[in-house]
Amino acid sequence: DAGVTQSPTHLIKTRGQHVTLRCSPISGHKSVSWYQQVLGQGPQFIFQYYEKEERGRGNFPDRFSARQFPNYSSELNVNALLLGDSALYLCASSLSRVRGTDTQYFGPGTRLTVL
Amino acid sequence: QQQVKQSPQSLIVQKGGISIINCAYENTAFDYFPWYQQFPGKGPALLIAIRPDVSEKKEGRFTISFNKSAKQFSLHIMDSQPGDSATYFCAACNSGGSNYKLTFGKGTLLTVNP
C-alpha cells in the first residue's frame, strides 16, 4: 500500500507570495495533520483535520490555513510568505481520532524555501 | 515554552554500543509517548511508543524506559548499528484531548561509527 504522499517535493517562492501544499493520506485514514519542521528542530503542529473539519490548530498566524476534501486529501495554504516560513512541511495521517494513540504516519514532506 | 526537552543534541557511539537519549516533559496531561526516527530527506517514522501505565517497553533492540513521577522517559538502542544513524525525536500527546497533536522534542542526531 502507498504511504502518505505529498506534493510538490520542493518549492521555491519569494516573500509575499502564496503557496499551496498537498497531501494524500494512507488509504482508509480519515485524519490528516500538518506539521512545520524548521531545520534542526522537531516538527511543530499546525493543524489537524478529521472528517473534513478542523479539530485542532497550533500556534500559527492566520496566514496559515488548510482544508480537507471528501476523499480525505488535504491542502495547506500559506499567504504572504515570510522568510521564516522556510521549512519542511510534513503531513501525517492516522486512522481516526477516536483514539489518540493511533499511529500518525508521516509523509516525506515538502521543502519550502522562501527567498 | 518548550514542553518536551530532549538531550543530548547529538550523540556518537561505536558499533555495538548502547545509545541513550533522554526526554523530560512538563504537561501532566500527556499520556502517550512515541519515539520517531528520521533519515535525511524523509519524514519521521514511528519507532516505538509507550503509555505511562508501564515503566518499560522493549521491541527488538529498542527499549523505552518511563518514569512517571520524574516526568522523564528515555530511548535505549542496544547493539547500535551504523544503519541506526539518524535523527531521533521523542514526542508526547494528550490522547484524551480535543486533538491529538504530537509535541516533539528538538531531536538527537545519532551517529554510529563502524
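Up top is the structure.
Residues numbered from 1 in each chain as written. Chains lettered and ligands numbered in written order. Predicted model: local features only at pLDDT ≥ 70, side-chain atom pairs only at ≥ 80, totals over all residues. Heavy atoms only, no water.

Colleague: What am I meant to see in the environment of G96 of chain B here?
Modeller: Structurally, G96 of chain B can be placed in the loop between β9 (86-92) and β10 (103-104). With 64 residues separating them along the chain, G96 of chain B and Y32 of chain B place their C-alpha atoms 9.8 Å apart. (Helix = DSSP H or I, 4+ residues; strand = E, 2+ residues; numbered from the N terminus.)

Colleague: Before we go on, may I ask you to explain the interface of chain B and chain A in this structure?
Modeller: Residue-level contacts link 21 residues of chain B with 22 residues of chain A. Note on chain B versus chain A: buried area summed over both sides is about 1,700 Å², and carbon and sulfur give 55% of it. When the buried area of chain B at its contact with chain A is split by residue, P44, Y100 and F104 of chain B rank highest and sum to 32% of it. On inspection of chain B and its partner chain A, the count reaches zero salt bridges. A class-by-class count of the residues in the side of chain B that touches chain A yields nine nonpolar, eight polar and four charged. (Contact = heavy atoms within 4.5 Å. Buried area = accessible area lost by both parts, 1.4 Å probe. Salt bridge = Lys/Arg side-chain N within 4 Å of Asp/Glu carboxyl O. Nonpolar A, V, L, I, M, F, W, Y, C, P; charged D, E, K, R; others polar.)

Colleague: In this structure, what is going on with the sheet that holds strand β3 (residues 19-25) of chain B? I would like to understand it.
Modeller: To summarise the sheet geometry, strands pair through backbone hydrogen bonds and adopt either a parallel or an antiparallel arrangement. Residues and elements named next belong to chain B. One open sheet holds the five strands; their spatial order is β1-β3-β8-β7-β6, and the pairing between them is antiparallel. Strand pairing shows two members of the sheet lacking a second neighbour, β1 (4-7) and β6 (56-59), which therefore form its edges. Direction aside, the axes of adjacent strands within the sheet are offset by 15 degrees on average. (Pairing = 2+ DSSP bridges. Axes fitted to C-alpha atoms, helices over the stretch in contact; angles between N-to-C directions.)

Colleague: Before we go on, may I ask you to explain the packing of aromatic side chains in this structure?
Modeller: Under the criterion given, the structure shown has 17 aromatic pairs over all chains. For the pair F33 of chain B and F73 of chain B, a centre-to-centre distance of 4.9 Å together with 55 degrees between the ring planes defines the contact as tilted. Taken together, the positions of F33 of chain B in strand β4 (residues 33-38) and F73 of chain B in strand β8 (residues 72-77) put the pair 40 residues apart, joining distant regions of the chain. For the pair formed by F33 of chain B and F73 of chain B, the shared burial category is buried. Put simply, the rings of Y35, F45 and F106 of chain A together with Y36, F89 and F104 of chain B pair up and form one aromatic cluster. (Phe/Tyr/Trp six-rings, centres within 6.5 Å; stacked < 30°, edge-to-face > 60°. Buried < 20%, exposed > 50% of the residue type's maximum accessible area, 1.4 Å probe, protein only.)

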